[in-house]
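In case you want the letters, here they are:
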Amino acid sequence: MTHNASSQALTDEKIYPFQSLADKLNRLDLNLLLYDAGGRCVLQSSAGRFESDTEAIAGQIESMQTAQNGLLLSGWPSDNLFVCPVSIEPGLTVFLAVDTGPAGCRNAVCEKRYLACIVEDFCKQFQDAERIPMQLEKIGTELSRAYEEIMLLYRLGANMKVTQTNASYLQMACDQLTQLVHVEGIVFFVEKKIDGRRQLALIAGSGVISIEPSQADILQTRLIAELQRGREALVDSAEDSPFRYDWPPAVRNIIAVPLGDADRMLGFMAATNILDKRDFDTTDIKLFGSVANQCRVFIENNSLFEELKELFIGCLKALTGSIDAKDQYTRGHSERVACISRWIAERLAQHRPLSDKQIHHIYLAGLLHDIGKIGIGESVLRKRGRLDDNEFAVIQSHPRIGASILSGIRQMDEIVPGVLGHHERMDGKGYPNGLKGDQIPLIAKIISLADAFDAMTSRRVYRDAMTIQKALSEIEKGIGTQFDEEVARAFLESDVDKLWTIIQDGFIESWDYSNFEEYGIEAVGALIR
């Protein structure tokens, strides 16, 4: 048995089955030869009865291929030679030749058929056996990809929290998707209200983006047209045919999927220039569609949450506004106290740990601090003269009434201490519980000072408003008796003139939001998450 040098292109594992067949054929006085596609004999196994002419057999194989016009079919190019092509793997074919010797087969017809059947059956079994590992590998690859896709969708679902903004969630989706699908760039465009009208805005992206924001409307129009034709996505490429649409020069292929459908589209996701294959295929369409659907659900949920926050803060402000409206001199008092409370809390946060969530709670407690006055008669609230002892006792009950109203709402647990304790004093002479010093919660200390400052600087039926400087002087005098020193110093050392301007204008442009309403919505978000 002889191996030529070129046989090294075939591994021993590939050659071994042919050696096994050669042993069987040699016992029948038949020689076996194996040729590669270049006509080189890579295996020669002789029975010893005669010698095969390897070059002549190579020529016969070549002539046989020529006669078959390139078709790979088994057959007898001569009376004493049977040739059968064998596909080792995709793109690699060898030719198995059985030489029956100079005398040929003794019973020509029967023996030729029998020999052909044996060899062809062997070749078929060999090819089937070779396909199984490749099929298993393909199945394994597909299963691995399917698992990664499932995990991607799971992660998107697991991270669907209302604490995230649309931008952060969609960016996370971009980053996760690009780990699975290798593209040059991926982008999300979502409708937003800009300057009073709805426009597509670039919200998130990853890689090199070949689609400019100015082209987003055109791409969405084309996507809608594809959806109306019954397609799931817009897929365009110059790979097998010309582009159906005009694209920027950098685009070789593109996929776009909707966030919604043709009738109600919130935006779209698009990716350009896939890197590890020729074009986007149906698998990509399904995956991109699933991701886009998850993102659509998140955007819709987030929108509903924003509407819920707006409704909630609207109800709170309507409630506090109705209380303030009982007296023309206290109109707007609750919102001002909320604003001042937030101002103090943010100054305190520069010197002690106070989270954004705690600051939001302080703002809302300031907004709701007088909600208990809903249970106080207007005759007491609007009395022009001094209150008698009974009337003062009635007024002193409003913190308890307010706390009682809010205590039935689980989300208000962190707000109640501020409402209940905003009339407590550091010297223990406050109400309703006569708390003293550190017994008073920080939230109540802050609202107490904010409430007092707004009361002093607002006109009342029984007195005119104090000047800012006079009010600050009164706060200084009250440190240690009425007001907590840390809270008072944080307020007195701040830019109170700037705060006063903000309050008078009704805007908080120096902060993170354009007006009181917008900040209130954000604060409510911390309350109901």
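S.K.: A description of the overall build of the protein chain should follow, citing residues and the corresponding values.
M.R.: What the protein chain contains, in helices and strands, is 17 helices and 11 strands. A sequence separation of at least 24 residues applies to 59% of the contacts in the protein chain between residues at least 6 apart. Of the roughly 27,000 Å² that the protein chain leaves accessible, carbon and sulfur atoms contribute 50%.

S.K.: Go over the nonpolar core with me, naming the residues and quoting the values.
M.R.: Of all hydrophobic cores here, the largest spans 49 residues; its most connected members are Ile344, Phe453, Ile475 and Phe491. For Ile344, the residues in contact, after removing those within four places along its chain, are Ile446, Leu449, Ala450, Val487 and Phe491.

S.K.: Before we move on, could you go through the environment of Asp438 and cite the residues and values that matter?
M.R.: Of note, Asp438 is situated in the loop between α12 (416–421) and α13 (442–456). Counting along the chain gives 46 residues from Asp438 to Asp484, while the straight-line C-alpha distance between them is 9.0 Å.

S.K.: Can you tell me about the packing of aromatic side chains, naming the residues and giving the values?
M.R.: Counted by the stated rule, this structure contains 8 aromatic pairs. Look at Trp76 and Phe82: their rings are 5.3 Å apart centre to centre, the planes differ by 55 degrees, and that puts the pair in the tilted class. Through a chain of ring-to-ring contacts, three or more aromatic side chains come together here, namely Phe453, Phe491 and Trp500. Above the ring of Trp247, the side-chain terminus of Arg222 is found at 4.7 Å from the ring centroid.

S.K.: If you had to explain the pattern of salt bridges to someone new, which residues and values would you point to?
M.R.: The tally for this structure, following the rule as stated, stands at 24 salt bridges. Where Glu226 meets Arg244, a salt bridge forms, and the shortest distance between an N and an O atom there is 3.1 Å. Taken together, the residues Glu226 in helix α5 (residues 216–228) and Arg244 in the loop between β9 (234–237) and β10 (253–260) connect sequence positions 18 residues apart. The class of Glu226 is buried, set by a relative accessible area of 1%. Judged by its relative accessible area of 45%, Arg244 is partly exposed. The partner of Arg347 in a salt bridge is Glu346, with the nearest N and O atoms 3.5 Å apart. Where salt bridges share partners, they join Glu226, Arg229, Arg231, Asp236 and Arg244 into one cluster.

S.K.: Account for the packing of helix α7 (residues 333–348) against α13, with residues named and values stated.
M.R.: Where α7 contacts α13, the axes come no closer than 8 Å and their chain directions differ by 125 degrees. As far as their axial angle goes, α13 and α7 are oblique. By crossing handedness, the relation of α7 to α13 is classed as right-handed. The residues of α13 that touch α7, namely those facing His333, Arg336, Val337, Ile340, Ser341, Ile344, Ala345 and Leu348, are Leu442, Ile446, Ile447, Leu449, Ala450, Asp451, Phe453 and Asp454.

S.K.: Describe in detail unusual backbone geometry, supporting the description with residues and values.
M.R.: Cis geometry is adopted by the peptide bond preceding Pro432, which originates at Tyr431 and carries an omega value of 15 degrees. Here Pro432 is to be found in the loop between α12 and α13. Even without glycine at this site, Asn273 takes up a positive phi of about 60 degrees. The residue Asn273 is located in strand β11 (residues 265–274) in this model.

S.K.: Outline the side chain of Arg347, supporting the account with residue identities and numerical values.
M.R.: Positionally, Arg347 belongs in helix α7. Looking at Arg347, its side chain comes within polar contact range of the side chain of Glu346, at 3.5 Å.

S.K.: Can you lay out helix α14 (residues 468–477) for me, pointing to particular residues and giving the numbers?
M.R.: Every α-helical turn comprises 3.6 residues, leaving residues that sit three or four positions apart pointing alike. Among the residues making up α14, those that are buried are Ile468, Ala471, Leu472 and Ile475. The buried side chains of α14 occupy one side of the element, clustering within an arc of 100 degrees when seen end-on. Relative to its buried face, α14 has exposed residues pointing more than 90 degrees away, namely Gln469 and Lys477.

S.K.: Tell me about α13, and name the residues and values.
M.R.: With 15 residues, α13 ought to run about 21 Å at 1.5 Å a step, and its terminal C-alpha atoms sit 21 Å apart, in line with that. Counting buried residues in α13 gives 14 out of 15 residues, a clear majority hidden from the surface.

S.K.: Pulling in residues and values, what's your account of the pairing of strand β2 (residues 31–35)?
M.R.: In terms of burial, β2 is largely enclosed, as 5 of its 5 residues are buried. Covered by surrounding structure in β2 are Asn31, Leu33 and Tyr35 together with Leu32 and Leu34, the residues of both alternating faces. Where β2 lies against strand β6 (residues 92–99), 5 bridges are found, and the strand directions are antiparallel. The partner of Leu33 across the bridge, within β6, is Ala97. Relative to strand β3 (residues 41–45), β2 runs antiparallel, the two being bridged by 4 bridges.

S.K.: Describe the side chain of Asp454, naming the residues involved and giving the relevant values.
M.R.: Note on placement: Asp454 falls in helix α13. When its relative accessible area of 2% is taken as the criterion, Asp454 is described as buried.

S.K.: Requested: an account of the packing of α13 against α14, with residues and values cited.
M.R.: The geometry of α13 relative to α14 is characterised by a closest axis approach of 9 Å and an angle of 145 degrees between their N-to-C directions. Crossing of α13 against α14: the hand is right-handed. Across from Leu449, Phe453 and Met456 in α13, the residues of α14 making contact are Ile468, Ala471, Leu472, Glu474 and Ile475. A class-by-class count of the residues in the contact of α13 with α14 yields 7 nonpolar, no polar and 1 charged.

S.K.: Residues and numbers for the sheet that holds β11, please.
M.R.: The sheet built from 5 strands is open, its strands ordered β8-β7-β11-β10-β9 with antiparallel pairing. Two strands close off the open sheet at either side, each with one partner strand: β8 (197–207) and β9. Looking at each pair of strands side by side, their axes are set apart by 15 degrees on average, direction ignored. Here 4 bridges tie β9 to β10, and the two strands are oriented antiparallel to one another. Bridge assignment links Leu234 to a residue of β10, and that residue is Ala256. Across the sheet, helix α4 (residues 166–180) lies against β7 (183–194), β8 and β11, angled at about 40 degrees from β8, the strand it touches most.

S.K.: Residues and numbers for the pairing of β6, please.
M.R.: The buried fraction of β6 is high, at 7 of 8 residues. Strand direction decides the pairing type here: strand β5 (residues 81–89) and β6, joined by 8 bridges, are antiparallel. Across the sheet, residue Phe82 finds its bridge partner in β6, namely Val98. Hairpin connection between β5 and β6: a loop of 2 residues separates the two successive antiparallel strands, and Gly91 in this loop has a positive phi of roughly 85 degrees.

Here is what the cut-offs are and how they apply
Residues numbered from 1 in each chain as written. Predicted model: local features only at pLDDT ≥ 70, side-chain atom pairs only at ≥ 80, totals over all residues. Heavy atoms only, no water. Helix = DSSP H or I, 4+ residues; strand = E, 2+ residues; numbered from the N terminus. Contact = heavy atoms within 4.5 Å. Areas by Shrake-Rupley, 256 points an atom, 1.4 Å probe, with all protein chains shown as cover. Core = buried A, V, L, I, M, F, W, Y, C linked by side-chain atoms within 4.5 Å. Buried < 20%, exposed > 50% of the residue type's maximum accessible area, 1.4 Å probe, protein only. Phe/Tyr/Trp six-rings, centres within 6.5 Å; stacked < 30°, edge-to-face > 60°. Lys NZ or Arg CZ within 6 Å of the ring centre and 35° of its normal. Salt bridge = Lys/Arg side-chain N within 4 Å of Asp/Glu carboxyl O. Axes fitted to C-alpha atoms, helices over the stretch in contact; angles between N-to-C directions. Parallel < 35°, antiparallel > 145°, perpendicular 65-115°, else oblique. Left-handed = near helix turned anticlockwise from the far one by under 90°. Polar contact = N/O pair within 3.5 Å; in protein donor to acceptor, adjacent residues only side chain to side chain. Arc of directions from axis to C-beta. Expected span 1.5 Å × (residues − 1). Pairing = 2+ DSSP bridges. Nonpolar A, V, L, I, M, F, W, Y, C, P; charged D, E, K, R; others polar.

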